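# Descriptive analysis of the structure
Single-letter residue listing:
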Amino acid sequence: MGVTSIDAPQWFLSSFVRSARGAGATASDDEIRAVGQGLLDRWDTPGRNFHNLRHLADVLGRVDELSQETHDPDLVRLAAWYHGAVFDAKGRATYANKGGEDETASAALALAELTELGVPEDAARRVAHLVNALVRHAPDPTDFDCAVLCDADLAVLAAEPQRYKEYLKDVRDEYAHIPPEDYVRARMAILTKLLERRSLFSSPLGAAWEEPARQNLDAELQRLRKEQIKLTRRSTPSTAPSS
C-alpha cells in the first residue's frame, strides 16, 4: 500500500474519524480531523525514514486483514495510529535500546487526546494499554486485540524480498547517525532475540507470516555476520613483523 503526501491526508483522516467515532468520540468531525492531522504531522516528520506514513498505512492495512480476530477493531486501529506517534531516533535512545519509539509517551498522548475527543475513559485507557504493549512485542496470548496489533507492527518482517530490502534501507537511513560497527552489533542482537522466540506472531492469521519472516531474519543475520567480520578486519591495524 503506497502513500504519497498528496493522497495521504484524504483517506487517512477519513479513517481516523471513523475509528474515533467507533470508539465513542463525541467531538465534532472537525475536532477529530484536527487531532488526526496532528498525528499525520508527527508521522511525517523529516528523518522518519521507516517509522513514517508508509509504515502507518502498512500497520493499519494489516490490522484490517486481522480484524476478524479482534474484540474491538476500532480501538486497535486507534492504537495503530498512536503506536509510533512520539519518536526520536537521535535524541532519546540508541537503536540498541528500543530505537526511537517512545511507547509510554505515545500511550499518554493517546489517552489525553482521545479523552479530549469524548472517547469514554475506559476505551481511551484501553488504547493506551495496547500502545504500551508494543514495548516488548510479547502480547498476552489471551488478549486478541494486543496480539493483532503486535502482529500488524511486525508484519514487515515477512515482506517479499524486494520490500524487505527497502525496509532494511529505510531503517538504516533512520539511524544513519549510528556508526556501522555499532549498528551491525545492535541489529544482530535484535535479530538473534527475535529468532530465539518460540513464535514471532501471536494471532492465528498472523501465524501465516511466521516462516517467511524467519527466512528474512535468518538471511539478514547471515549477511550481517559477514559484514561484521569485514568491519572488524578494517578496524584492526596490521602489525609489521619485528626485525
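Described below are features of the structure shown in this document. (Residues numbered from 1 in each chain as written. Predicted model: local features only at pLDDT ≥ 70, side-chain atom pairs only at ≥ 80, totals over all residues. Heavy atoms only, no water.)

### Some points on the state of the cysteines
What the rule picks out here adds up to zero disulfides. Not part of a disulfide, cysteine 146 finds its nearest cysteine sulfur in cysteine 150, a span of 4.2 Å. (Disulfide = S-S within 2.5 Å.)

### Considering the pattern of salt bridges
Here the structure, examined in full by the defined rule, presents 15 salt bridges. Note that arginine 62 and glutamate 65 form a salt bridge whose closest N and O atoms lie 3.2 Å from each other. One end of the pair, arginine 62, and the other, glutamate 65, are both in helix H3 (residues 53–66), three residues apart, so they sit about a helical turn from each other. For the salt bridge of arginine 126 with aspartate 143, the shortest nitrogen-to-oxygen distance reads 2.7 Å. Separated by 17 residues along the polypeptide, arginine 126 in helix H6 (residues 121–132) and aspartate 143 in the loop between H6 and helix H7 (144–154) bring together distant segments of the chain. Residue arginine 126 is classed as partly exposed on the basis of its relative accessible area, which comes to 25%. (Salt bridge = Lys/Arg side-chain N within 4 Å of Asp/Glu carboxyl O. Helix = DSSP H or I, 4+ residues; strand = E, 2+ residues; numbered from the N terminus. Buried < 20%, exposed > 50% of the residue type's maximum accessible area, 1.4 Å probe, protein only.)

### What about the nonpolar core?
Counting residues in each nonpolar core, the largest one holds 74 residues, and the members touching the most others are Phe16, Trp81 and Tyr82. Sequence-distant contacts of tyrosine 82, that is, excluding residues within four places in its chain, are made with Phe16, Val35, Leu39, Ser106, Leu109, Ala110, Glu113, Leu114 and Val131. (Core = buried A, V, L, I, M, F, W, Y, C linked by side-chain atoms within 4.5 Å. Contact = heavy atoms within 4.5 Å.)

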